[in-house]
Amino acid sequence: MLLMSLVLLLLSHCIAAFYHIDTTAGIPKCDSRILTQRKKYNGWIRMIPNDIANHDEINSSKMESFVSPLDEKEEEDCDILLYEEQTKLWISDIIVKLKLCPYASSPFINDQIRYSIRPSVVSGDDLVDEFFKEGFILLESEPSDIATTMLVLPNYEGDIDEFYYLYEWLVDLLESDDEELLENEVQPAFFHPNWTFGGIPEKSAVHFEKRAPFPVINLLRREDLNSVVEAGLAKGIIVNKAIAEHNAQCLENEGFQKMEMAFSRLTQKAQSPHVDSDVRP
């Protein structure tokens, strides 16, 4: 009777919903917002409620009957959620916590950032295509809905030199009369895991001002940036210079080793959804 009750309970859970479970060691955890599954017994086991999975009478051989392969769409969804989580942790634990951008906190807290995760982007051509798509979406959206966009490119294959070249080329294009789609209304900010400023020591923490866990392009409305610059000038402040000086001082105070450790923790936290962020808005 006990076994029958457990089986009925399991079936009712399967019909009702999918539940979050931990992964096996070394395998990233999926966020609870999608089908949570884990790799075990050479397959993917869909939802096994903990109270049943841990019961003595439901052993591993019986669990194998629930094995179901993870299709490509579900696997991609899981990866995308992990990349998004890692991006959010980068913003909260690095950008907002250290105040590297004084205007990042509000849209982050108010959930006004669009996270466009594009694992399929591997080349510069792909990158440019996605940039213009996201730029158009940004301009067509209300600022209260999308204040800014994070275009995340975790599988981009170009090195930092190519990435920086694309940045310079794209900025020049956007400011030219030849570009008619976005009409110089979008400003990109590029971030890369290996971003290095020239003229400063290799182990300077200042490099982390433009580093991210993977290549990221932040799309901003130029109108918003112009408003900030004009407001600063009205107070006698050159905003870009003030931000750069603050960031350099802040990062040097943190130190290269501490920043390196902070970045390494981003991956660990993204794979452990229940670990709280250091920043509590």
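The structure presented is a predicted model; accordingly, all values stated were derived computationally and were not measured.

### Overview of unusual backbone geometry
Then step 1. For lysine 99, which is not glycine, the phi torsion reads 60° and is therefore positive.
Then step 2. Within the secondary structure, lysine 99 is located in the loop between α4 (72-96) and α5 (105-109).
Then step 3. A residue is classified by how much of its surface remains accessible, and lysine 99, at 58% relative accessible area, is exposed.

### Notes on the sheet that holds strand β3 (residues 113-117)
Then step 1. With mixed pairing, the 4 strands of this open sheet are ordered in space as β3-β4-β6-β5. In this open sheet, the two edge strands, each paired with only one partner strand, are β3 and β5 (186-191). Taking the axes of each pair of neighbouring strands and ignoring which way they run, one obtains an average angle of 20° across the sheet.
Then step 2. By the bridge criterion, 6 bridges tie β5 to strand β6 (residues 216-221) in an arrangement that is antiparallel. Bridge pairing links phenylalanine 191 to valine 216 in β6.
Then step 3. Across the sheet, helix α6 (residues 124-140) lies against β3, β4 (148-152), β5 and β6, angled at about 30° from β6, the strand it touches most.
Then step 4. Contacting β5 and β6, helix α7 (residues 160-174) runs over the sheet at an angle of about 170° to β5.

### Points about the environment of aspartate 111
Then step 1. Mapped onto the secondary structure, aspartate 111 falls in the loop between α5 and β3.
Then step 2. On the basis of relative accessible area, aspartate 111 is assigned to the exposed category, the value being 58%.
Then step 3. Along the backbone, aspartate 111 and alanine 147 are 36 residues apart, and their C-alpha atoms lie at a distance of 9.0 Å.

### What about a negative patch on the surface?
Then step 1. Among the surface-exposed residues, Asp177, Asp178, Glu180, Glu183, Glu185, Glu223 and Asp224 lie close enough to one another that they form a single negatively charged patch.
Then step 2. Along the chain, the position of aspartate 178 falls in the loop between α7 and β5.

### Some remarks on a nonpolar patch on the surface
Then step 1. A cluster of nonpolar side chains, contributed by Val229, Leu233 and Ile238, occupies part of the molecular surface with about 270 Å² of accessible area.
Then step 2. Looking at where leucine 233 falls in the secondary structure, it is placed in helix α8 (residues 222-234).
Then step 3. The exposure class of leucine 233 is exposed, given its relative accessible area of 53%.

Criteria and thresholds
Residues numbered from 1 in each chain as written. Predicted model: local features only at pLDDT ≥ 70, side-chain atom pairs only at ≥ 80, totals over all residues. Heavy atoms only, no water. Helix = DSSP H or I, 4+ residues; strand = E, 2+ residues; numbered from the N terminus. Buried < 20%, exposed > 50% of the residue type's maximum accessible area, 1.4 Å probe, protein only. Pairing = 2+ DSSP bridges. Axes fitted to C-alpha atoms, helices over the stretch in contact; angles between N-to-C directions. Contact = heavy atoms within 4.5 Å. Patch = residues over 30% accessible without salt bridge, like charges linked within 9 Å, V, L, I, M, F, W, Y side chains within 5 Å. Areas by Shrake-Rupley, 256 points an atom, 1.4 Å probe, with all protein chains shown as cover. Salt bridge = Lys/Arg side-chain N within 4 Å of Asp/Glu carboxyl O. Lys, Arg positive; Asp, Glu negative; His and termini not counted. Charge placed at Lys NZ, Arg CZ, Asp CG, Glu CD.

Shape descriptors only; they carry no functional weight alone.
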